[in-house]
2 protein chains.
Amino acid sequence: MAKVLVIGAGGVGSVAVHKMAMNSDIFPGIALASRTKSKCDAIAASVKERTGVTIDTYQIDADDVAATTALINEVKPVLVVNLALPYQDLNIMDACLAAGVNYMDTANYEPIDEAKFEYSWQWAYQDKFKQAGLMALLGSGFDPGVTSVFATWLKKHKLDTIRTLDILDCNGGDHGQHFATNFNPEINIREVTAPARHYLNGEWVETPALTIRQQFDFEEVGPKNMYLMYHEELESLAHHLPEIERIRFWMTFGDAYITHLTVLQNVGMTRIDPVIYEGKEIIPLQFLKAVLPEPASLGPTTKGKTNIGDIATGLKDGEEKTFYIYNICDHEDAYRETGNQAVSYTTGVPAMIGAAMMVQGVWSGAGVFNMEQFDPDPYMDMLNKHGLPWQVKELAGPLAF
Amino acid sequence: MAKVLVIGAGGVGSVAVHKMAMNSDIFPGIALASRTKSKCDAIAASVKERTGVTIDTYQIDADDVAATTALINEVKPVLVVNLALPYQDLNIMDACLAAGVNYMDTANYEPIDEAKFEYSWQWAYQDKFKQAGLMALLGSGFDPGVTSVFATWLKKHKLDTIRTLDILDCNGGDHGQHFATNFNPEINIREVTAPARHYLNGEWVETPALTIRQQFDFEEVGPKNMYLMYHEELESLAHHLPEIERIRFWMTFGDAYITHLTVLQNVGMTRIDPVIYEGKEIIPLQFLKAVLPEPASLGPTTKGKTNIGDIATGLKDGEEKTFYIYNICDHEDAYRETGNQAVSYTTGVPAMIGAAMMVQGVWSGAGVFNMEQFDPDPYMDMLNKHGLPWQVKELAGPLAF
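Residues numbered from 1 in each chain as written. Chains lettered and ligands numbered in written order. Predicted model: local features only at pLDDT ≥ 70, side-chain atom pairs only at ≥ 80, totals over all residues. Heavy atoms only, no water.

A.B. asks: Tell me about the overall build of chain A, residues and numbers included.
C.D. replies: The number of helices and strands found in chain A is 14 helices and 18 strands. Seen through its C-alpha atoms, chain A measures out along the principal axes to roughly 55 × 55 × 40 Å. The burial tally for chain A puts 59% of its 401 residues in the buried class. Considering only intrachain contacts with a sequence separation of at least 6, the fraction spanning at least 24 residues in chain A is 74%. Total accessible area on chain A stands at roughly 14,700 Å², and carbon and sulfur atoms take up 48% of it. (Helix = DSSP H or I, 4+ residues; strand = E, 2+ residues; numbered from the N terminus. Buried < 20%, exposed > 50% of the residue type's maximum accessible area, 1.4 Å probe, protein only. Contact = heavy atoms within 4.5 Å. Areas by Shrake-Rupley, 256 points an atom, 1.4 Å probe, with all protein chains shown as cover.)

Structure follows, in structure tokens:
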């Protein structure tokens, strides 16, 4: 029985496991492990209630390579789906190599002590996976993940070449809290407070965090301010689609979010270097995470929709064209289906689909792969069938900014 | 030799000890103790350099009554001046009773686990001090302290009765930081985020924190927004001047301060109940204190002035009159003289003066006393001579708000 082992019992892990259980023809055996076994058990209870499927649960400290290797050897999965913290990617990859099992994740490795987002560390595993005859698929969430598949689909079906690509990530949801992040606050704030970077004519252009802003009218959400940011798929897209002149990533934030984040930065609460408190090193951002609402607690109250997509401008038969491809996801629908809001849902469903591509052998190979390297069509079909339907439309011209 | 023992080596302790050393005729022997002896030694070095006076330094945990009693017995002071944390007032009073020594402080006791400002706990020591033939003087800082002396001086010299009293505390200083508090951030934020209360016709009227705002044009500072707050001298003034109909306390805050504080409240960083972080109880406000700038570090960069005073309206010979009495203190002058900015200076100088009243026997008695219970004139004279000159002027009428 082709079993998968999912590591990580946050919102994304919860959605992925629910969706796997809803597709037991593809996933006949599901195991879930996390540092806190009670979180796995709570998800297993929800999965049982919603789908009738029983999943196995385990405790694991994914920082401990030997323990993770032992767990993989015990569970004997065909694939490890890493939905834990990005700090743990390399350790879990090492455990997969030691145990001889394929690997997948949704977010690239970053060192815990610096907000440095790049694929270099994971790309360095290329030879090891190739020599072992194993496959590692990196970044099968929504962004990164679906946004790269959208780009390759546009290139396959709508454009011969892509000249400019903009990824627009809008969360129009309202959780009713003064300030909360929609996924792990520590990871979210590290990302948002990092300098913005975009790719332009073969170079990376760095600008201060949250300084370049544009308004955009998102379908089913309305006009929102969005900010230029760095996001990891920019690196892999620039690498795998080298003809692109400019790639940018934009994320929407409300004024209140920006004010709160600015203050927390001003006072030092987003620092990732330790301060000494009662003789002990504490990282302010990690302590802030302990004070902020648990993202999972926002599920029941979050209303509104997310709208995430790509706008690509390029040539088709010698003529310049611009296409916008996007998914709209409703927070309340997502919560009703899986007990998690749309931010977890839009990452957890693509995680399930990436795993499905691998366990079915639709996407295969030996080595470390990004999403752009495979045929987008089967992935795009599954998005439509499993809760993340997408739309594509031609725009009158490229973005005005 | 009449020695005083000062406990607490923050900015206020530093100013008080410097000013005592500058008045060695009144204070021929000075000892300074704190949890962190190195802080005492740094102050002692500055005192030596600025005045030539040598002071003795000691390590003490003022939460430990037995250890504090032993230290008092070793130093043999005639007076203990408590400039430590308000949580420690009762322990230090107990130690003074055990050692048979007079007591003075600048801020009333508050329990560490709730922001509850009231004199009840310290007034409950009345009989113990009386029976021991000892004196305890409560609240000899600026506010509380000088603000109460101002009120009794007005009542002695300018008005027969006071009908309304407003205390206006303006800090027009700019420290050049995004957000910082001018004294212990934990104590400051507890005070500012507590509900506002004012005294009206024998009742306490409570309003939400920072909601009632007025603009006032402060001499040598300019127009500032000030907010209705609770402050501990309201309770003792209402008690000792029972004819007053209304007593209010106002403090100025800039818009940026209010924004920062609001955000920190919104996210839970000002909570004084513990959260669990890595299995350990941590009080968010105490952790925030560890991240914010040390108030002492603001001294060198703070420019501008403080302006703190009382506006009293009442009858004089049957006619209604309004007087405004206030002190203006310059941050840079204060820093030049003592190495501490004006917020510490305006509290530390009155602490020295209160101690002078006691060691010289100008103010004396057995029991627990507030500032309103003594003749204001000698205290007011010392304010003029020791760096906090005051002015009084008659206003055209009562405050319009």
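Next comes the rest of the account.
A.B. asks: Kindly report on the packing of helix α1 (residues 11-21) of chain A against helix α2 (residues 37-51) of chain A, identifying the contributing residues and their values.
C.D. replies: If you want to describe how two helices pack, look at the angle between their axes and the distance between the axes. Residues and elements named next belong to chain A. Close contact between α1 and α2 brings their axes to 10 Å; oriented N to C, the two are set at 35°. Seen from above, α1 lies across α2 with right-handed handedness. From α1, S14, V17, H18 and A21 reach across to α2, where they touch I43, S46, V47, R50 and T51. Looking at side-chain class alone, the contact of α1 with α2 contains 4 nonpolar, 4 polar and 1 charged residues. (Axes fitted to C-alpha atoms, helices over the stretch in contact; angles between N-to-C directions. Left-handed = near helix turned anticlockwise from the far one by under 90°. Nonpolar A, V, L, I, M, F, W, Y, C, P; charged D, E, K, R; others polar.)

A.B. asks: Residues and numbers for the pairing of strand β4 (residues 79-82) of chain A, please.
C.D. replies: All names here are of chain A. Judged by which residues are buried, β4 turns out to be covered on both faces: L79 and V81 on one side and V80 and N82 on the other are all buried. Two strands pair when backbone bridges link them, and β4 and strand β5 (residues 102-105) are joined in this way by 4 bridges, in the parallel orientation. Opposite L79, over in β5, you have N102 as the bridge partner. The parallel pair β4 and β5 is bridged by helix α4 (residues 89-99), and the resulting crossover is right-handed. (Pairing = 2+ DSSP bridges. Right-handed = clockwise from strand over helix to strand, strands pointing away.)

A.B. asks: Got a sec to walk through the interface of chain A and chain B? Specific residues and values, please.
C.D. replies: Counting from both sides, the interface comprises 24 residues of chain A and, opposite them, 24 residues of chain B. The three residues of chain A that bury the most area against chain B are A:V267, A:Y277 and A:F287, which together make up 29% of that side's buried surface. Joining chain A to chain B, the criterion identifies 2 salt bridges. We note a salt bridge from B:K280 to A:E278, for which the minimum N-O separation is 3.7 Å. On the surface where chain A and chain B come into contact, there are 6 residue pairs in polar contact (both at pLDDT 80 or more). When residues of the side of chain A that touches chain B are traced back to their parent elements, those giving at least two are α10 (255-266), β13 (275-277), β14 (280-282) and α11 (284-291) of chain A. Its residues assigned to classes, the side of chain A that touches chain B shows 16 nonpolar, 6 polar and 2 charged. (Buried area = accessible area lost by both parts, 1.4 Å probe. Salt bridge = Lys/Arg side-chain N within 4 Å of Asp/Glu carboxyl O. Polar contact = N/O pair within 3.5 Å; in protein donor to acceptor, adjacent residues only side chain to side chain.)

A.B. asks: Run through the UniProt feature "domain: Saccharopine dehydrogenase-like C-terminal" (unreviewed entry) in chain A, naming residues and quoting values.
C.D. replies: Residues given the UniProt feature "domain: Saccharopine dehydrogenase-like C-terminal" (unreviewed entry) here are residues 141-388 of chain A. Secondary structure across residues 141-388 of chain A comprises 34% helix and 31% strand; the distance between its end C-alpha atoms is 12 Å. (UniProt positions renumbered as here; feature names shortened; annotations may be inferred.)

A.B. asks: Tell me what's going on with the sheet that holds strand β2 (residues 29-34) of chain B, and back it up with residues and numbers.
C.D. replies: Hydrogen bonding along the main chain pairs the strands of a sheet, whether they run parallel or antiparallel. Residue and element names in this part refer to chain B. The sheet built from 7 strands is open, its strands ordered β3-β2-β1-β4-β5-β6-β17 with parallel pairing. Of all the strands in the sheet, the pair left with one neighbour each is β3 (56-59) and β17 (367-370). Going across the sheet, the axis of each strand differs from the next one's by a mean of 20°, ignoring polarity. Across 2 bridges, the pairing between strand β5 (residues 102-105) and strand β6 (residues 135-138) is parallel. Following the sheet pairing, Y103 is matched in β6 by A136. Set on the sheet, helix α1 (residues 11-21) makes contact with β1 (3-7), β2 and β4 (79-82); between it and β2 the angle comes to about 170°.

A.B. asks: So, unusual backbone geometry: which residues are in play, and what are the values?
C.D. replies: The bulk of non-glycine residues show a negative phi, and the bulk of peptide bonds are trans. Residue and element names in this part refer to chain A. For the bond from D143 to P144, the omega torsion is 5°, close enough to zero to count as cis. For P144, the location among the structural elements is in the loop between β6 (135-138) and α7 (146-157). Of note, the phi angle at N201 is positive, near 50°, even though the residue is not glycine. Relative to the elements of secondary structure, N201 occurs in the loop between β8 (196-200) and β9 (203-207). The class for N201 is exposed, based on a relative accessible area of 54%. Even without being a glycine, E220 presents a positive backbone phi close to 65°. Structurally, the position occupied by E220 is in the loop between β10 (213-218) and β11 (222-229).

A.B. asks: I'd love a proper account of helix α3 (residues 65-75) of chain A, names of residues and values included.
C.D. replies: Residue and element names in this part refer to chain A. Restricting attention to buried positions, one finds in α3 the residues T68, T69, L71, I72 and V75. Considered in projection along α3, the buried side chains sweep an arc of 160° and stay on one side of the axis. In this structure, α3 carries A66 and E74 as exposed residues pointing more than 90 degrees from its buried face. On the buried face of α3, the contacting elements are β1 (3-7), β2 (29-34), β3 (56-59), β4 and α4. Capping of α3 at its N-terminal end is provided by D64; its side-chain oxygen lies 3.2 Å from the backbone amide nitrogen of A66. Downstream of α3 by a residue or two, K76 has a phi angle that is positive, lying close to 55°. (Arc of directions from axis to C-beta.)

A.B. asks: Talk me through the packing of α11(A) against helix α11 (residues 284-291) of chain B; I want residue IDs and the actual numbers.
C.D. replies: Close contact between α11(A) and α11(B) brings their axes to 12 Å; oriented N to C, the two are set at 160°. With respect to their mutual orientation, α11(A) and α11(B) come out roughly antiparallel. Crossing hand, α11(A) versus α11(B): left-handed. Within the contact between the two elements, α11(A) uses A:P284, A:F287 and A:V291 and α11(B) uses B:P284, B:F287 and B:V291. Of the residues belonging to the contact of α11(A) with α11(B), the class tally is 6 nonpolar, no polar and no charged. (Parallel < 35°, antiparallel > 145°, perpendicular 65-115°, else oblique.)

A.B. asks: Describe the relation of the copies chain A and chain B, naming the residues involved and giving the relevant values.
C.D. replies: Each copy superposes on the other: chain A lies on chain B with an RMSD of 0.0 Å after a rotation of 180° and an axial shift of 0.0 Å. Between the two chains, the operation in question is that of a two-fold axis. Relative to the rotation axis, the closest C-alpha in chain A is found at A:V263, a distance of 3.4 Å. (Least-squares fit on C-alpha atoms with pLDDT ≥ 70 in both.)

A.B. asks: Which residues make up the nonpolar core, and what values do they have?
C.D. replies: Ranked by internal contacts, the top residues of the largest apolar core, which has 196 residues, are A:M269, A:F287, B:M269 and B:F287. Leave out the neighbours within four places in its chain, and A:F287 touches A:M269, A:I282, B:M269, B:V275, B:Y277, B:I282, B:P284 and B:F287. (Core = buried A, V, L, I, M, F, W, Y, C linked by side-chain atoms within 4.5 Å.)

A.B. asks: Just give me the short version of helix α12 (residues 331-338) of chain A, but keep the residues and values in it.
C.D. replies: Because each turn of an α-helix spans 3.6 residues, side chains separated by three or four positions end up pointing in the same direction. All names here are of chain A. Every buried residue belonging to α12 is among H331, A334 and T338, and all of these are buried. When α12 is viewed along its axis, its buried side chains cluster within an angular range of 65° and face the same direction. Elements in contact with the buried residues of α12: α1, α2, β7 (161-171), β15 (305-316), β16 (319-330) and α13 (342-359). Of the residues that open α12, the one with a side-chain oxygen 2.9 Å from the backbone nitrogen of E332 is D330. Directly beyond the C-terminal end of α12, a positive phi value near 80° is found at G339.

A.B. asks: Any details on the packing of aromatic side chains? Residues and values, ideally.
C.D. replies: A complete count under the given rule lists 37 aromatic pairs over all chains for this structure. Ring centres of B:Y227 and B:F253 lie 6.0 Å apart, and the angle between their planes is 45°; on these two criteria the pair is classed as tilted. Taken as a pair, B:Y227 in strand β11 (residues 222-229) and B:F253 in the loop between β12 (246-252) and α10 (255-266) lie far apart in primary sequence, 26 residues in all. Considering the side-chain rings of B:Y324 and B:Y326, the 4.5 Å spacing of their centres and the 35° angle between planes classify their relative orientation as tilted. The exposure class assigned to B:Y324 is buried, which follows from its relative accessible area of 4%. Through a chain of ring-to-ring contacts, the aromatic side chains of A:F179, A:Y227, A:F253 and A:Y257 assemble into a single cluster. Sitting over the ring of B:Y125, B:K128 keeps its end group 4.6 Å from the ring centre. (Phe/Tyr/Trp six-rings, centres within 6.5 Å; stacked < 30°, edge-to-face > 60°. Lys NZ or Arg CZ within 6 Å of the ring centre and 35° of its normal.)

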